[in-house]
Each structure stands twice: as structure tokens, then as C-alpha cells.
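# A structural walkthrough
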Amino acid sequence: MNRFRYLNGIDWVLTGLHHSIRQTSGLGNWSQLALELDGKLDIEHFRAAVQRYASAFPVLQGRAVRGWQLAPVWKMPVKKKQALVSVEKQILPDDASFEAITEKLGQCVAVSPGTPGRYIGFNAIYTAQKTFLAFRFDHRLFDARGAELFIQGLIRYLDDGTAEPPPTFQIPPEKSDLRPWIKKFKSGQQVVRLLHRQQEATPFQLESRISNPAFRFTLIPLNEPESVALINRAYDQAGYLMLTPWLAERMTHALNTLLEKEGRPPGGYVIPCSTDLRADTQKEMFFNHASFIYLCRPAGEGADWPKRFSRQFFEQVQQGMPCHFENAWKLARIIPAPLFGKLLRGPLKSFAGTFSMASVGDGLSAIESVAGLTVRNAFHMPMLPPAPGLGFFANTFGGRLNLCLTSTAGVLSDKEHTELIGLLKRELLSLS
């Protein structure tokens, strides 16, 4: 068994963010996806299957250490061990509203790094006729697509009904990629040039009172006609397949309206949008295979920004900027993780942008049932680092869009968060 896996540049950024969040709130860099099931999940059967399934992945009992070349590696145990994964059960009143359910789901993701299971955990939230199954995962080990692949494998194992644990999962090897340095420096130059151009737009971040770790998640689930209408509108205004730039522009406009209404006219916007770099989805379940495209809108400008964002998105893909970002961040792997966390919430916090943006896609649509229970919906609920403390996320399930706004209490008040949701709905769907 391969006991070591070198961490790449984005892995180390996520490790740094883990320490940044932990230093300010005591939490780790967690995220979560949730499945809405018809009926009541047999929690004991599910818990036993999870323990057996998780035992096949020694990576879940590993940790980050320094290799002999000083490049960080993920070190896994020599012998296969029995996994201990937290699987909790909570019951809500039969008349619980969807807002109360998502609030409870939001509380599930914000957990201490010392929780049993360490890197993953499950919560089953029961209402009168439904079960909301939440899969919580540590971003050091999974990006959003990797978490989807893991839960898909678990559900296949659960449905198979076998009492035998699956064979030990082998992590594909990763090169240390310490040399040649020249490629990384050239990538770093490309990144620095882009960031210099963005700084000319005078971007801003909302002031974060990072002593308050509370997170708010508001889900806007659309039905199929609303989803089709939104996507058609996005393609008309931003271009074919340019949903992410269009959503980023709509969020920008809604946030701008909120701040101007409160007498806090903002500066320019810089929006990091995550993008998947996977070549083989089945082998690349663990660790981070994502990078970023940065959209920029200068202060005081507002005309025709859907197409401008699309043009920036297309140009950065053409220039290979996502690969340049991943390659450039490899230079930062020499920085100790706790120090890197301090830098990411201090001198390097501009990399986090004004707010986070991600459109995950329809990977969860492949999950049709869990233990015989029909899946009615599935969505992501990402936590955020203290800076920027604000994010807008989308995924598709069964042809229907789920839109999730996440904010920290230190960035937006309850009233501001609610007002921003109303503005977003009007921007996206012309809803009052």
C-alpha cells in the first residue's frame, strides 16, 4: 500500500485555510452536502455500513507531515484499522419548516476538528415523512466533487447489502513536483500580473468580526420550470454555458444594491470561482483537484457585466490560469501550515476576494435512492473562511437548480442576510 501522498498547491491552500478558521473560531475547514430522502432511514443499518465502508480508506486516518524533501505529504497508517465515523440522529417536529431544517443542517457542519471520525461525519435529521442525510467532510481531504464520489460509492455499497468490507482503496501516487522551479516561478508571474490588474479595480472585502463563528445557510431550491428559465436567461445575457459568470454578476448586483441602500457604497469586486481540473474522476476522489478563475469588476462600473464576466472567464481558461494558480501555490508549501493560516487571513487575504462563488454541476443527480428511499433533492452547504465570509453556490439535481447563500455573523447581520436573499431572488427570478 502506498503510505504517502504528496500534497499539491491547492491542497496546501486548503490546509492553510483549515488553520486560519481554527485559529479564529475553533472550527476546521468543513463543508457539507445533504440528501433529502422520502421516508425514514434505518440509522443503525446505515451506521454499520458506514463504519465498514470507511475502514477501506486508510487515508481517512492519516495526517499531514513533512516529507524528507520538506514537501508536505499525507501519511497513512501501516495497517488497516477499523474506522470510527460519527453518525448522529436528530428529530425535528413534524411541522418543522424548510428554513428550520436548513438551520439545523447548518449547525451540523460547524463542528470541532476533534469530533469522532476526524475528517468525515454524518447527521440524519428526521421530520414527519422525510430524512435529511448530511455528509460533513474536511476540505483538506475532499473537494466538492470528491465528496460526491465518496457518497456515491457509499450508497452503492449500502445497496449491495454485502456484509464484507470493500477492498482497501489505493491512493494514486502524486509526485513531489519540487523541480523544475522555473515553471512555478513563471506561473507565479502570471498570477501576480492578474492580481495586480485586479488591485487597480480597488476591490473590497466586507469587514469581518471574526470572533463570532456563527454561519448562516439559506437555500433557494428552484423547480424545473424556474431552473430552465434561469439557465436560458443566463445563456442569453452571458453566453452559452456561462452560468457561473452570470450568477456571479447577479450576486454582485444584489450585494451592491444592499450596501448602497445602507449608505456603504462598495469598491470594486474580485470573485474567485472554483473550477474542476480532474482528468480521471474515479481515481481522483481524495484531496483537491480544483483551482480558481478570478472575475473582476472595477468600482463604479455596472454596464453589460454578464458578458464582461464571461469574457474574463473564457480568457483565463484560454490562458491556463487555473493551472497557473495551482502550480504557483506549490511555492507556498514550504510555509508551515499554522503560519500559512495567519498569512491567509492577513497579508494574503485579498486572494479570498469579495465573496466566493462556485457552480458544482449535476454530480449528485446520479444518486437516485439511498437504502430504498427516493432522493428528492441534493445540495451543497459550504462553510467559509473568515475572509471573505460570504459565498454563493449552485448545484443541479434532476434538472433543478439549488442556490445556497452562506455568510458569517461577522460579515452580515441577520437583517442584512435576509435582505440580500430577497434581492437575490429578484435578480435571479424577478420574485418579490
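Below is a summary of the structure that appears in this document. (Residues numbered from 1 in each chain as written. Predicted model: local features only at pLDDT ≥ 70, side-chain atom pairs only at ≥ 80, totals over all residues. Heavy atoms only, no water.)

Counting its secondary structure elements, the chain contains eleven helices and 15 strands. A globule of 432 residues ought to have a C-alpha radius of gyration of about 22 Å, and the chain, at 21 Å, matches this closely. Referenced to the eigenvectors of the C-alpha coordinate spread, the extents of the chain come out at roughly 60 × 60 × 40 Å. A fraction of 76% describes how many contacts in the chain between residues 6 or more apart in sequence connect residues 24 or more apart. Working note: accessible area of the chain is about 18,400 Å², and carbon and sulfur atoms make up 54% of it. The average position of the 49 basic charges and that of the 39 acidic charges among the side chains of the chain differ by 9 Å. (Helix = DSSP H or I, 4+ residues; strand = E, 2+ residues; numbered from the N terminus. Rg over C-alpha atoms; globule rule 2.2 N^0.38 Å. Contact = heavy atoms within 4.5 Å. Areas by Shrake-Rupley, 256 points an atom, 1.4 Å probe, with all protein chains shown as cover. Lys, Arg positive; Asp, Glu negative; His and termini not counted. Charge placed at Lys NZ, Arg CZ, Asp CG, Glu CD.)

Next up on the list: the sheet that holds strand β6 (residues 120-126). The sheet built from six strands is open, its strands ordered β5-β6-β7-β2-β13-β12 with mixed pairing. For this open sheet the edge positions go to β5 (86-91) and β12 (369-370), each flanked by a neighbour on one side alone. In terms of strand pairing, strand β2 (residues 30-38) meets strand β7 (residues 130-138) through nine bridges, oriented antiparallel. When the bridges of β7 are listed, Leu35 appears paired with Leu133. (Pairing = 2+ DSSP bridges.)

Turning next to the sheet that holds strand β3 (residues 63-66). If you walk across this open sheet you meet the three strands as β1-β4-β3, and the pairing is antiparallel. At either margin of the open sheet sits one strand with a lone partner, and together these are β1 (4-6) and β3. The mean inter-strand angle of the sheet, taken between neighbouring strand axes irrespective of direction, is 35 degrees. Where β3 and strand β4 (residues 72-75) come together, four bridges link them in antiparallel fashion. Residue pairing across strands places Ala64 opposite Trp74, the latter belonging to β4. (Axes fitted to C-alpha atoms, helices over the stretch in contact; angles between N-to-C directions.)

The next thing to look at is unusual backbone geometry. Trans is the common state for peptide bonds, and a negative phi is the common state for residues other than glycine. Here the phi dihedral of Phe287 falls at roughly 70 degrees; this positive angle occurs in a residue that is not glycine. Structurally, Phe287 is set in the loop between β9 (269-276) and β10 (290-297). In this structure, Ala371 takes a positive phi of about 50 degrees despite not being glycine. Note on placement: Ala371 falls in the loop between β12 and β13 (373-380).

Below, the discussion takes up the nonpolar core. If you look at the biggest cluster of nonpolar residues, it comprises 71 residues, and the most contacted ones within it are Val59, Leu60, Phe122, Phe142, Phe150 and Phe286. Here this core gets eight residues from one element, more than from any other, and that element is helix α4 (residues 144-160). For Phe142, the residues in contact, after removing those within four places along its chain, are Leu60, Ile120, Phe137, Ala147, Phe150, Met285, Phe286, Phe287 and Asn288. Residues Ile220, Phe309, Leu412 and Leu429 belong to the second largest nonpolar core, which totals 41 residues. (Core = buried A, V, L, I, M, F, W, Y, C linked by side-chain atoms within 4.5 Å. Buried < 20%, exposed > 50% of the residue type's maximum accessible area, 1.4 Å probe, protein only.)

For helix α2 (residues 43-54), which comprises twelve residues, the first-to-last C-alpha distance of 16 Å matches the rise-based estimate of 16 Å (1.5 Å per residue) to within 8%. Buried within α2 are the following residues: Ile43, Phe46, Ala49, Val50, Gln51, Tyr53 and Ala54. Where the residues of α2 are buried, they touch β5, β6, β7 and α4. The backbone nitrogen of Glu44 has a side-chain oxygen 3.3 Å away, supplied by the residue at the start of α2, namely Asp42. (Expected span 1.5 Å × (residues − 1). Polar contact = N/O pair within 3.5 Å; in protein donor to acceptor, adjacent residues only side chain to side chain.)

Further remarks concern the pattern of salt bridges. Per the counting criterion, the structure on display carries 14 salt bridges. Glu148 is the partner of Arg145 in a salt bridge, and the nearest nitrogen-oxygen pair spans 2.8 Å. Placement of the pair is Arg145 and Glu148 together in helix α4, with a separation of three residues, close to one helical turn. A salt bridge links Glu427 to Arg250; its shortest N-O distance comes to 2.4 Å. Taken together, the positions of Glu427 in helix α11 (residues 414-429) and Arg250 in helix α7 (residues 243-261) put the pair 177 residues apart, joining distant regions of the chain. (Salt bridge = Lys/Arg side-chain N within 4 Å of Asp/Glu carboxyl O.)

Of the pairings in the sheet, the one linking β1 to β4 comprises three bridges and is antiparallel in character. Looking at β4, one finds that Tyr6 is bridged to Val73. The hairpin formed by β3 and β4 contains five residues between the paired strands, and Leu70 there has a positive phi angle of roughly 75 degrees.

Scanning the entire structure with this criterion turns up 24 aromatic pairs. Seen in terms of ring centroids, Trp329 and Phe340 are 5.8 Å apart; in terms of plane orientation they differ by 55 degrees. Their pairing is tilted. Of this pair, Trp329 sits in helix α9 (residues 321-329) while Phe340 sits in helix α10 (residues 337-344), and the two are eleven residues apart along the sequence. Considered together, Trp329 and Phe340 belong to a single accessibility category, that of buried residues. Put simply, the rings of Phe46, Tyr53, Phe57, Phe122, Phe135, Phe137, Phe142, Phe150, Tyr157 and Phe286 touch in pairs and so form one group of aromatic residues. (Phe/Tyr/Trp six-rings, centres within 6.5 Å; stacked < 30°, edge-to-face > 60°.)

Further remarks concern a nonpolar patch on the surface. Taken together, Trp181, Ile182 and Phe185 make up a surface patch of nonpolar side chains, about 330 Å² in accessible area. The class of Trp181 is partly exposed, set by a relative accessible area of 42%. (Patch = residues over 30% accessible without salt bridge, like charges linked within 9 Å, V, L, I, M, F, W, Y side chains within 5 Å.)

Vacant regions in the atomic arrangement are exposed by a probe of water-molecule size rolled over the atoms. What the second largest pocket holds in volume is close to 460 Å³. Looking at the second largest pocket, it is lined by 22 residues, and the ones nearest its centre are Glu99, Thr102, Glu103, Phe217 and Thr218. For the lining of the second largest pocket, the elements supplying multiple residues, two or more each, are α3 (98-109), β8 (215-221) and α11. The element contributing the most residues to the lining of the second largest pocket is β8, with seven residues. Here the lining of the second largest pocket is built from residues that sort into 13 nonpolar, four polar and five charged. (1 Å grid on protein atoms, 1.4 Å probe; cavity = no way out; pocket = protein on both sides within 12 Å on 5 of 7 lines; lining within 4 Å. Points joined across faces, edges and corners; volume = space filled by probe spheres on them. Nonpolar A, V, L, I, M, F, W, Y, C, P; charged D, E, K, R; others polar.)

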